[in-house]
Every structure is written in C-alpha cells, then in structure tokens.
Amino acid sequence: FPNDLEMQQKLADRAVELDPHCQHAQWAKAYGFYLTREREQFEHLARLALSINPSDTNIAAAVGQKLAMAGNWDEGLEIIETAIHLNPFLPSWFRTATYTYNYINEDYELALSEAKRINTPHMGHMLRAAAYGALGIKDAAKSELEEFLTVNPGFTQNHQELLLRIF
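Thresholds applied
Residues numbered from 1 in each chain as written. Predicted model: local features only at pLDDT ≥ 70, side-chain atom pairs only at ≥ 80, totals over all residues. Heavy atoms only, no water. Phe/Tyr/Trp six-rings, centres within 6.5 Å; stacked < 30°, edge-to-face > 60°. Helix = DSSP H or I, 4+ residues; strand = E, 2+ residues; numbered from the N terminus. Buried < 20%, exposed > 50% of the residue type's maximum accessible area, 1.4 Å probe, protein only. Salt bridge = Lys/Arg side-chain N within 4 Å of Asp/Glu carboxyl O.

Caption draft 1: The arrangement of the packing of aromatic side chains in detail. Under the counting rule described, the total for this entry stands at 9 aromatic pairs. Relative to tyrosine 31, the ring of tryptophan 27 has its centre 6.0 Å away and its plane inclined at 35 degrees; by these criteria the two rings are tilted. Here tryptophan 27 pairs with tyrosine 31, and both are found in helix 2 (residues 23-35), just 4 residues apart, close to one helical turn. On the basis of relative accessibility, which here comes to 12%, the residue tryptophan 27 falls in the buried class. Aromatic side chains tryptophan 73 and tyrosine 101 sit 5.4 Å apart centroid to centroid with 55 degrees between the ring planes, which places their arrangement in the tilted category.

Caption draft 2: Local environment of the environment of asparagine 53. Here asparagine 53 is to be found in the loop between helix 3 (39-52) and helix 4 (57-69). Asparagine 53 sits 31 residues away from cysteine 22 along the chain, and the two C-alpha atoms are 9.4 Å apart.

Caption draft 3: Up close: the pattern of salt bridges. Tallied over the entire structure, the rule returns 10 salt bridges. We note a salt bridge from glutamate 43 to arginine 47, for which the minimum N-O separation is 3.7 Å. On the criterion of helical spacing, the pair formed by glutamate 43 and arginine 47 is a turn pair, its members being 4 residues apart in helix 3. Judged by relative accessible area, which is 13%, glutamate 43 ranks as buried. By relative accessible area, arginine 47 is classed as partly exposed at 34%. With its nearest N and O atoms 3.9 Å apart, the salt bridge here joins glutamate 114 to arginine 117. Look at glutamate 114 and you get buried, because its relative accessible area is 11%. Taking relative accessible area as the criterion, arginine 117 reaches 46% and is therefore assigned partly exposed. Three or more residues are tied together by salt bridges with common partners; here these are Arg39, Glu43, Arg47 and Glu75.

Below you can see the structure in the form of structure tokens.
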C-alpha cells in the first residue's frame with residue numbers, strides 16, 4: 001500500500017503537470033491527499049477538481065463523498081444530492097457517505113436503507129451487516145457478514161487498508 005500510494009502521487013503530479021485544467025488529474029491528486037490524511041490539501045484540490053466541471057456527476061459524487069467522510073458533512077452531502085439530481089443513475093458506491101452520516105448519528109434504520117441501495121460486493125454486505133447488528137437483527141447481520149467474507153475472503157488480512165480507503 002505505501003509503495004502504491006507513492007506511485008499514485010507521482011503519477012497524479014505528472015498528470016497535473018501535463019494538464020493543470022484536467023479535472024481527473026486534479027481529482028487524482030486530491031484523492032492521494034485524502035488517502036494520506038492531508039486534509040487541507042485534499043479539500044483544496046477536491047474543490048478545484050469539482051470547479052473545473054461541476055456537471056461531471058462521477059467526480060461530483062466522489063468529491064462529495066470524500067469531503068463528507070473527511071468531516072465536511074453538510075458540504076459533501078449537498079454535493080452528492082446535486083450529483084443525484086443531475087444523474088439519478090450514479091453508481092451505488094457514493095451512498096457510503098449518507099450511510100456513514102446516518103450510522104454515526106445513530107439513525108440505523110436510515111443507514112440500513114442506504115446500505116440496501118449499495119450493490120458493490122465489498123461494501124454493501126459489510127455496511128448492511130453493521131446496520132443490522134446495530135439494530136439488533138442478528139440473523140440478518142450474520143448472513144450479510146458471511147456473504148461479505150465469501151466475496152472478500154482476504155478481508156481479515158487486509159481490512160485496515162480497505163477501511164482506510166473508504167473511511
């Protein structure tokens with residue numbers, strides 16, 4: 001992971017150097033700062049990437065999700081809502097921010113509702129298991145956890161890396 005991140009940062013720097021007006025290059029650089037927890041640089045570049053083309057709903061959802069997960073809940077969730085209005089068919093991964101917001105605010109029913117809309121194998125089952133567990137619905141939590149571990153058998157060995165990238 002550290003070597004991969006170092007390579008990601010070098011490539012993102014090079015992409016920005018080649019075209020500073022490329023939204024995807026700016027987002028790649030911002031995301032590197034997100035992963036290294038350099039919040040100020042992340043936030044600046046994430047907003048810059050979004051400003052280049054606010055109608056790119058994939059970038060907008062990604063920026064909104066990561067701003068929210070970095071603690072800027074109001075701004076991040078508002079950006080996600082804007083992205084949804086522009087494109088109601090966004091991939092389900094962006095809902096991890098609304099799930100997390102509801103979960104940490106102990107609205108487990110709303111968190112579960114969001115988790116049910118996440119269909120990625122490495123996220124949906126894990127988040128549903130946590131929400132079911134918080135609600136005390138043990139059989140459903142166990143079933144989701146078993147399904148998650150079937151799809152992600154190496155999770156127990158690499159869970160820190162995965163969770164750091166998401167949260």
